[in-house]
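Geometric and topological summary
Residue-level listing of the chains:
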Amino acid sequence: MPVASPVTNEVRKARVAVALTFLMHAATFATWAPRIPSIKENLDLSHDDLGFALGGMAVGLLIGTRLTGRMEKQGRTGTAMRVVVALQAISLAGPGFAVNLWTLTAALFVLGLLGGMLDVLMNAHAVAVERLYERPIMSSFHGLWSVGSMVGSAIAAGVAQLGVDVRVHFIVVGVIVLIASVPLLMPLLSGDHEAATTGHHVDEAQPKGPPVGLLVVTVLCVMGFGSFLAEGSVADWGPLYMHENVGTSEAFAALSLSVFSGAMAICRLIADRVGMILGPVMVARVGTLISLVGFGLFLLVQEPAVALVGFALAGFGIGPVVPIVFSAGGNTRTKKRASVLGPTVSAGYVGAVIGPVAIGAIAERAGLNWALGVPVLFLVVILLSAGLLAGASGGTDPETKSHAHGPPHADG
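Residues numbered from 1 in each chain as written. Predicted model: local features only at pLDDT ≥ 70, side-chain atom pairs only at ≥ 80, totals over all residues. Heavy atoms only, no water.

Per an unreviewed UniProt entry, the chain goes by MFS transporter and derives from Tenggerimyces flavus. Looking at the Subcellular location (unreviewed entry) heading of the UniProt record, one finds this comment for the chain: "Cell membrane". (UniProt positions renumbered as here; feature names shortened; annotations may be inferred.)

Here it is, written out as structure tokens:
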């Protein structure tokens, strides 16, 4: 086994800068979401109107994830990250100053567009830093995203409770993020340093192995779709399920999302070190199994305390799956693409957007208990396909695997 190269001070600083980008991305979105009731009331919107406006954000997110292919392919995302973080901070004010449904939809489209772009850029940069570390660190970034989301939403809830005007709230947060991002993101990898980790340069950190085919890329996208769907389903439907199906109070029902998110954040913050021992495939398999147990508990044992434990296990288990899938996507190449991270992230967003809507449609016809079984099907797919995640950082070197087991596997 080759000895890992020492991590330079420049790479350590880049890791901190990427982590702060994840925090700022999460905090920006977590600032907007808790103020939805205020915006809805201010603009006198119906539920259908609000759904239409949120659809604008969803479309923006999906388009945004497809606009960064060239930068991702060239391995030069640092400058773009700094620009997009600043633009996203500025765009946060848009929803607060909307005057009707159409301006709100447009503002949310822009916010989503920039958010989708930044998601791909920061994950691509994280993959580059992870390669230079030569060990798993991706889960820690996503763990900090969860922390940023919880902190941002908690602050937003407190600000809303104090009756602070939405416009003032959004401007203050946007200005803070904008000003802080200038010095904090300076240590991101230089273009040449980042590019040296991609397929454009021959380098020790360059991902090895043969290019994969369409089937492998498709399965990776399905895994991204399914993991986002599972997270989004609990976020959108978990509290309602606890209230209507388990029969808890609204306050107790809200705990389902809290324990799910908290357990997910904890797991992501420790998953990298576990991955160094077990490898990404085993971490994904064990995590998926734990999540399946969690879903089984709250769907089959409809007793409040047991259901709450189920939500915690579901979040803890699914926590490392998205980071590992993204890391594998960033280290998987085709004949035409140096990385399939972009399509994987896009598929994840499709799952986050379409999944909860589809679950609502199923719940209307078959009940919420059956509808929340849909994520279980995708978790089974992830469990069975986890071998394709060996390309994530900390996985088996494809060349070593091919020498030990015959012809190289399609997952590279």
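1. Regarding the overall build of the chain
What the chain contains, in helices and strands, is 19 helices and zero strands. The buried share of the chain, reckoned over its 412 residues, is 52%. Carbon together with sulfur atoms contributes 68% to the accessible area of the chain, which is approximately 17600 Å² in total. (Helix = DSSP H or I, 4+ residues; strand = E, 2+ residues; numbered from the N terminus. Buried < 20%, exposed > 50% of the residue type's maximum accessible area, 1.4 Å probe, protein only. Areas by Shrake-Rupley, 256 points an atom, 1.4 Å probe, with all protein chains shown as cover.)

2. Let's talk about the nonpolar core
Of all hydrophobic cores here, the largest spans 58 residues; its most connected members are Val18, Trp32, Ile39, Met57, Leu104, Val129 and Phe141. Element by element, the count of residues in this core is highest for helix α7 (residues 101-133), at 17 residues. Counting 48 residues, the second-largest nonpolar core is a separate cluster that includes Val216, Leu299, Ile324 and Ala363. (Core = buried A, V, L, I, M, F, W, Y, C linked by side-chain atoms within 4.5 Å.)

3. Description of helix α18 (residues 374-385)
Along its 12 residues, α18 runs 17 Å from first to last C-alpha, staying within 8% of the 16 Å computed at 1.5 Å per residue. Among all positions in α18, only Val374, Pro375, Leu379, Ile382 and Ser385 are buried. Projected onto a plane normal to the axis of α18, the buried residues spread over an arc of 135° and lie on a single side. Turned more than 90 degrees from where α18 packs its buried face, Leu377 and Leu384 sit exposed. (Expected span 1.5 Å × (residues − 1). Arc of directions from axis to C-beta.)

4. Focus: the pattern of salt bridges
As enumerated under the stated definition, the model contains two salt bridges in all. The partner of arginine 167 in a salt bridge is aspartate 165, with the nearest N and O atoms 3.1 Å apart. For arginine 167, a relative accessible area of 40% puts it in the partly exposed group. Here aspartate 165 falls in the partly exposed class, since its relative accessible area comes to 33%. Between arginine 268 and glutamate 231 there is a salt bridge, and its shortest N-O distance comes to 2.9 Å. With arginine 268 in helix α12 (residues 250-278) and glutamate 231 in helix α11 (residues 214-246), this pair connects stretches of sequence that are 37 residues apart. Side by side, arginine 268 and glutamate 231 carry an identical accessibility label, which is buried. (Salt bridge = Lys/Arg side-chain N within 4 Å of Asp/Glu carboxyl O.)

5. Side note on helix α14 (residues 304-318)
The end-to-end C-alpha distance of α14 is 21 Å, a good match for the 21 Å that 15 residues give at a rise of 1.5 Å each. All buried positions along α14 are accounted for by Ala307, Leu308, Gly310, Phe311, Ala314, Gly315, Gly317 and Ile318. The distance from a side-chain oxygen at the start of α14 to the backbone nitrogen of alanine 305 is 3.2 Å, and the residue carrying that oxygen is glutamate 303. (Polar contact = N/O pair within 3.5 Å; in protein donor to acceptor, adjacent residues only side chain to side chain.)

6. Thoughts on the packing of helix α8 (residues 138-161) against helix α15 (residues 321-330)
Close contact between α8 and α15 brings their axes to 8 Å; oriented N to C, the two are set at 130°. In this view, α8 runs oblique relative to α15, as classed from their interaxial angle. Here α8 and α15 pass one another in a crossing that is right-handed. Along the contact surface, α8 presents Met138, Ser139 and His142, while α15 presents Val322, Pro323, Phe326 and Ser327. Its residues placed into classes, the contact of α8 with α15 shows four nonpolar, three polar and no charged. (Axes fitted to C-alpha atoms, helices over the stretch in contact; angles between N-to-C directions. Parallel < 35°, antiparallel > 145°, perpendicular 65-115°, else oblique. Left-handed = near helix turned anticlockwise from the far one by under 90°. Contact = heavy atoms within 4.5 Å. Nonpolar A, V, L, I, M, F, W, Y, C, P; charged D, E, K, R; others polar.)

7. A few points about the packing of helix α1 (residues 9-32) against helix α9 (residues 166-184)
What describes two packed helices is the angle between their axes and the distance between those same axes. Running from N to C, α1 and α9 cross one another at 170°; their axes reach a closest spacing of 11 Å. Here α9 runs roughly antiparallel to α1, going by the angle between their axes. Facing α1, whose interface residues are Ala17, Leu20, Met24, Thr28, Thr31 and Trp32, α9 presents His169, Phe170, Val173, Val177, Ser181 and Leu184.

8. With respect to unusual backbone geometry
Located in the positive-phi region is aspartate 44, a residue other than glycine, with phi close to 55°. Among the secondary structure elements, aspartate 44 is positioned in the loop between α2 (36-42) and α3 (47-65). A relative accessible area of 67% means that aspartate 44 is categorised as exposed.

9. Considerations on the packing of aromatic side chains
In this structure the tally under the stated criterion is seven aromatic pairs. A ring pair is formed by phenylalanine 225 and phenylalanine 378, whose centres lie 5.2 Å apart and whose planes are at 45°; its orientation type is tilted. Here phenylalanine 225, found in helix α11, pairs with phenylalanine 378, found in helix α18; they are 153 residues apart in sequence, far enough to count as distant. Cluster of aromatic residues (ring-pair linked, three or more members): Tyr241, Phe295, Phe298 and Phe311. For the cation-ring pair, arginine 15 lies above tyrosine 133, with the distance from its terminal atom to the ring centre recorded as 5.1 Å. Arginine 167 extends its terminal NZ or CZ atom over the ring of phenylalanine 97, reaching a point 5.9 Å from the ring centre. (Phe/Tyr/Trp six-rings, centres within 6.5 Å; stacked < 30°, edge-to-face > 60°. Lys NZ or Arg CZ within 6 Å of the ring centre and 35° of its normal.)

10. Looking at the side chain of serine 140
Structurally, the position occupied by serine 140 is in helix α8. The exposure class of serine 140 is buried, given its relative accessible area of 11%. Within the structure, the side chain of serine 140 is placed 3.5 Å from the side chain of arginine 15, a separation counted as a polar contact.

11. Topic: a nonpolar patch on the surface
Together, Ile266, Leu269, Ile270, Val274, Met276, Ile277, Leu278, Met282 and Val286 make up a nonpolar patch on the protein surface, roughly 810 Å² of accessible area in all. Secondary structure elements with two or more residues in the nonpolar patch: α12 and α13 (280-300). Here the element with the most residues in the nonpolar patch is α12; it accounts for seven residues. (Patch = residues over 30% accessible without salt bridge, like charges linked within 9 Å, V, L, I, M, F, W, Y side chains within 5 Å.)

12. Remarks on the environment of alanine 128
Mapping alanine 128 onto the fold places it in helix α7. In this structure alanine 128 comes out as buried when scored by relative accessible area, which is 2%. When the C-alpha positions of alanine 128 and glutamate 194 are compared, they lie 6.0 Å apart, and in sequence the two are 66 residues distant.

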